[in-house]
Amino acid sequence: MPQGAGLMYIEPRSPVRTGFSKTSTNSSPPSDMGPTSAMPPPSPYQGKSIAKTLLCLSPLITLLPYLLSKLHYSLPEPRQETHLSDGTPVVSEANIMKHIQALEDIGYRIVGTEEAELGELYVFDQVEALANTCATSDVLECNVWYQKGDGMHQFDIMDHAVLKSYRGIGNVILQIGGVNTTKTIDGDPINNAILLNAHIDSALPSPGAADDGIGVGVMLDCARVLIERNKHITGSAIFLFNGAEETLQDASHLYSMEHETKDLVKAVINLEAAGSTGGALLFQATSKEMVEAYSKVPRPHGTVVAADVFSSGIIMSDTDFVQFEKYLGISGLDMAIVGHSYYYHTQRDTVENLQSGSSQHFADATIAVLDHLLQVGSPLNTDTPWSPPNMVYYSFYDRIFIYYSMNAANLLCACIMLVYVGILATRVRDSERKVYRKALAAAFGNLLIGIIAAVSVAVFFAYGLKKSHTWFTHEQLPLIIFGVPAATAILAYQHWLFRRETADQAVQEHAAVLAAIGFEIILMSLMQAFQIRSAYLFSNMAIVGLIPVLLNEIYSLSMNQTATVHFGLLQWLWTALCMPMIVEASTNFLDIFVPLTGRMGKEAPTEIIIAVLSSFLVYVFLPPLVPLFHRFNRTGQRKILLTCLLASSLVIAVFASPAWSSYDSTHPKRAGIQYMYNVSETCLIYFDNAHRSKIYPSQTTSGTHTLHVAQLDSGPGFPEFVTKVHERYGMQTRMPIQSVPSDSNSDWDILYPISAFIEAEKFPVIGHTWPSGEILPEISVSVMEDTWDQHLNTRNITLRVIHEGLIYPVLAFSADVVEWSFQAAAPVGHTRHYVKAASSPDKEDFVFHMSFKTESQHGKLGFHWVGIDTRQMYPATSEKHGAALPTTAMFREMDSWLKTEFQDSMEVLLVGAVAGVFSL
Ligand SMILES: [Zn+2]
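Keep in mind that this is a model prediction, so the values were computed, not measured.

Calculation rules
- Residues numbered from 1 in each chain as written.
- Predicted model: local features only at pLDDT ≥ 70, side-chain atom pairs only at ≥ 80, totals over all residues.
- Helix = DSSP H or I, 4+ residues; strand = E, 2+ residues; numbered from the N terminus.
- Rg over C-alpha atoms; globule rule 2.2 N^0.38 Å.
- Buried ≥ 20, exposed ≤ 12 C-beta atoms within 10 Å, placed from the backbone.
- Pairing = 2+ DSSP bridges.
- Expected span 1.5 Å × (residues − 1).
- Contact = placed C-beta atoms within 7 Å.
- Domains from an automatic or database assignment.
- Nonpolar A, V, L, I, M, F, W, Y, C, P; charged D, E, K, R; others polar.
- Core = buried A, V, L, I, M, F, W, Y, C linked by C-beta atoms within 7 Å.
- Axes fitted to C-alpha atoms, helices over the stretch in contact; angles between N-to-C directions.
- Parallel < 35°, antiparallel > 145°, perpendicular 65-115°, else oblique.
- Left-handed = near helix turned anticlockwise from the far one by under 90°.

1. Thoughts on the overall build of the protein
Looking only at helices and strands, the protein has 23 helices and 24 strands in total. Taken over the C-alpha trace, the protein has a radius of gyration of 32 Å; the compact-globule value for 920 residues is 29 Å, and the two agree within 12%. Across its three principal axes, the protein shows a C-alpha extent of roughly 110 × 75 × 60 Å. Among the 920 residues that make up the protein, the fraction classed as buried is 52%.

So, in structure tokens, the structure goes:
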């Protein structure tokens, strides 16, 4: 057998005699057309040497993925200087980090705290300084606002509606416009502004360095560069530094409803973070023009797959982008730092944990898009209507950005199918069709078998060993835990399926190659038929398969019409071409999904999701797997299977061992501990007709103090965690009981709607003596209107809810509401409603009105309320504002105990909350 010419060699087209004759008798007679009619001599092909094949492939499966992942994660050099040597201003990571550090130094900027306002003031000072520089320019003009306002809206997330009230919420706004380009000759403003948005506030338990200090820092530095350049621009850039995103996007709602510049905005760039490493991922681009604008960035990093996944709702989060889309009707780009999302919304989101180069990447991208848009003739500055986002777009290793229309995608798919069918028609003999059909059908069987194997391993871990999330500590670990058993099962299935196959092994191998490509083409066609833009993944996989196949066929035809090629080089080239695909796909998918499972709630079958995803990634993005297996004869295949089985067992044994932990200090488990004060009476103030107030004590509650412990994922360790916390802090005579949210249980309403997804237990603690002189904040309610409409059977009430000293207050009630003050129609029927408030420290009240159906005038409506004591958030405010409070000492001790007891592998939210009930 001529093996001299590298890996590609030619040999006679040579089905095994028995198979050939068997096929001939069972199906149509051999065709007499073209090359397929040749009847060459018997094949000497007996399968290849495993060692040799592995040796040839070894650089492709070791060195290449390593180099590719290095390339995938590479970031630009962080720039220290703010100007180039010739004086040109440039965006600088060092400068951005200064802003982030300053914000972090202020403290946790949780809406409702003094720190949140100090954050706004810091940004305002920066913006004013920039505006002062701008005032000296003769080509730019700048405006600054510190918008403060109140409002109400309904926020929908994860099939839950939250009724939002906000008061005293702040926005710092800077507009930089080109002189004579933002107004008509008559002085009317032109709507040619690009809005940039980032939020100053941070999430409840987080200093918010990445989320969203990075967005704020990047925007401040981009504004600086635009102003210091002092070059003419066309149109304007409006930098919106908003003061309340984490409270469910109140500040962006305020801007979109009320600000004088809102109608000038034509598109938006939203800057966010859900992680602390890597470049800024473009995860939404909602018009053709903005996709084109993004194509100008030096290191494009994004794919339409992210948009498809995000719009499916599985990510369970949202950005301000929603408000701008909904209320301003504009398109734009939504970008975020998403790498190492384990610290997202935790105490560990600090400057120290940001990756060097991330901010530089974000800023380079933002300024590039701005430069493109702020020039004459850009889509911002033309009157042509913007186009829908029916574009396929993706970056490749942050070096290439490819985008094309869905029409082009349709054409591409058609071409791929045509080439494939052409190859099938010309290269498959009639007598061998059965093998090709069987291989194609088996391609779908493979997927199923792989998923079944991976899911079995997942079930074994999650339900058998009760040790799930063993892959949590590294985003790519699932590829080993689930990918290896999945691949083993697929190969075993192939070995079994072709046990009696009598066709020549070369034919089997060729059939497996075409089946693997055919499988990608079928997936591509299905998705394309539904116009799902992520279909490009499969068209790309088909292309990387067709390239070596076509080369092979052309080579083979040019050498000898009656010869076929064995597939050494084909497989090698194909594997080499697939590697960039699988590395890019697996890093993109798993980097997002693995950390996400840490906060998906108790019900999410995370083990199964990750198992299915991993087996899918391995099989779909490594299509040469099965054809390579068919290079070997049955003895060789059995050796491979045995090795794979051993490898799978080893993998399972290692991860199942008690020494392997699901969490560690850089990949912590999320939990929450809430110290709850139950207030025995809620103060209700009624106003009679003469506006004299009468105070009635409301319903009496238990007055007990309870500790509520919750986990935010479905991973292991929760029962042990509860037991340990109870042993140390609970009343030993009362065991922990489950706390399930319901109409009569509002324990975790401060986290609503997350509260619907957590697993929680509670137990009483020995209530400490409240220090004299300290006041426990409570909600009090003024009933400003209470009337009964006997014709409509509705009761109309207007309440003023005062929540002094409490942040994130929630009022929950069940009613059939007909009409209310929130900016949305009330849902039909009797259901539970949640009103959440956000405010500045000096405006801790809100008024809301509603009409609801009730059978009688005297029917009572019950309310549950809960809020966090502004001084009892550890470590956000407690040391600074609540040093005298007993929970501060308790949380301080608890925090240090948790760190030691769990080797810092728990990330625990520690808050003191106050709850009560009243009825009207
Ligand atoms: Zn954010």
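2. A short note on the pairing of strand E17 (residues 759-764)
Along E17, five of the six residues are buried, which leaves the element largely enclosed by surrounding structure. Looking at chain direction, strand E15 (residues 705-711) and E17 are connected through six bridges and run antiparallel. In the sheet register, His 708 faces E17, and the bridge partner there is Lys 762. Two elements, strand E16 (residues 737-738) and E17, share two bridges in a ladder whose sense is antiparallel.

3. Considering helix H20 (residues 634-656)
Across its 23 residues, H20 extends 32 Å between first and last C-alpha, which sits within 8% of the 33 Å expected from 1.5 Å per residue. Three or more residues of H20 are buried, namely Gln 637, Ile 640 and Ser 648. Structurally, H20 contributes buried residues whose contacts are with helix H2 (50-73), helix H14 (483-497) and helix H19 (625-629).

4. Here we look at the domain arrangement of the protein
If you check the domain split of the protein, you get domain 1 (46-70 + 407-656), domain 2 (93-366) and domain 3 (669-919). Counting from both sides, the interface comprises 32 residues of domain 2 and, opposite them, 28 residues of domain 3. Of all the secondary-structure elements, those providing two or more residues to the side of domain 2 that touches domain 3 are helix H4 (114-134), strand E2 (140-157) and strand E3 (160-178). Considering every element that reaches the side of domain 2 that touches domain 3, the biggest residue donor is E3, with 10 residues. A breakdown of the residues in the side of domain 2 that touches domain 3 according to their chemical character gives 15 nonpolar, 11 polar and six charged.

5. Section: the environment of Gly 208
For Gly 208, the position within the fold is in the loop between strand E4 (193-199) and helix H5 (209-229). Assessed through the 30 C-beta atoms surrounding it within 10 Å, Gly 208 is described here as buried. In the structure, Gly 208 is positioned 408 residues away from Phe 616 in sequence and 35 Å away in space, judged by C-alpha atoms. Leaving out residues up to four positions away in the same chain, Gly 208 has contacts with Arg 109, Ser 202, Ala 203, Gly 213 and Asp 349.

6. Observations regarding the nonpolar core
Counting 252 residues, the largest nonpolar core has Ile 194, Met 219, Cys 222, Ala 223, Ala 237, Phe 239 and Ala 515 as the members making the most contacts within it. Among the elements that take part in this core, helix H17 (residues 568-596) stands out by supplying 16 residues, more than any other. Beyond its immediate sequence surroundings of up to four residues, Cys 222 is in contact with Val 91, Ala 363, Thr 366, Ile 367 and Leu 370.

7. Focus: the packing of H14 against H20
Helix-helix packing is described using two parameters, namely the angle between the two axes and the distance between the axes. Two elements in contact, H14 and H20, have axes whose closest approach is 9 Å; the angle formed by their N-to-C orientations is 155 degrees. If you check the angle between H14 and H20, you find them roughly antiparallel. Considering the relative orientation of H14 and H20, their crossing is left-handed. Within the contact between the two elements, H14 uses Val 484, Pro 485, Ala 487, Thr 488, Leu 491, Ala 492 and His 495 and H20 uses Gln 637, Ile 640, Leu 641, Cys 644, Leu 645, Ala 647, Ser 648 and Val 651. Taken together, the residues of the contact of H14 with H20 break down into 11 nonpolar, four polar and no charged.

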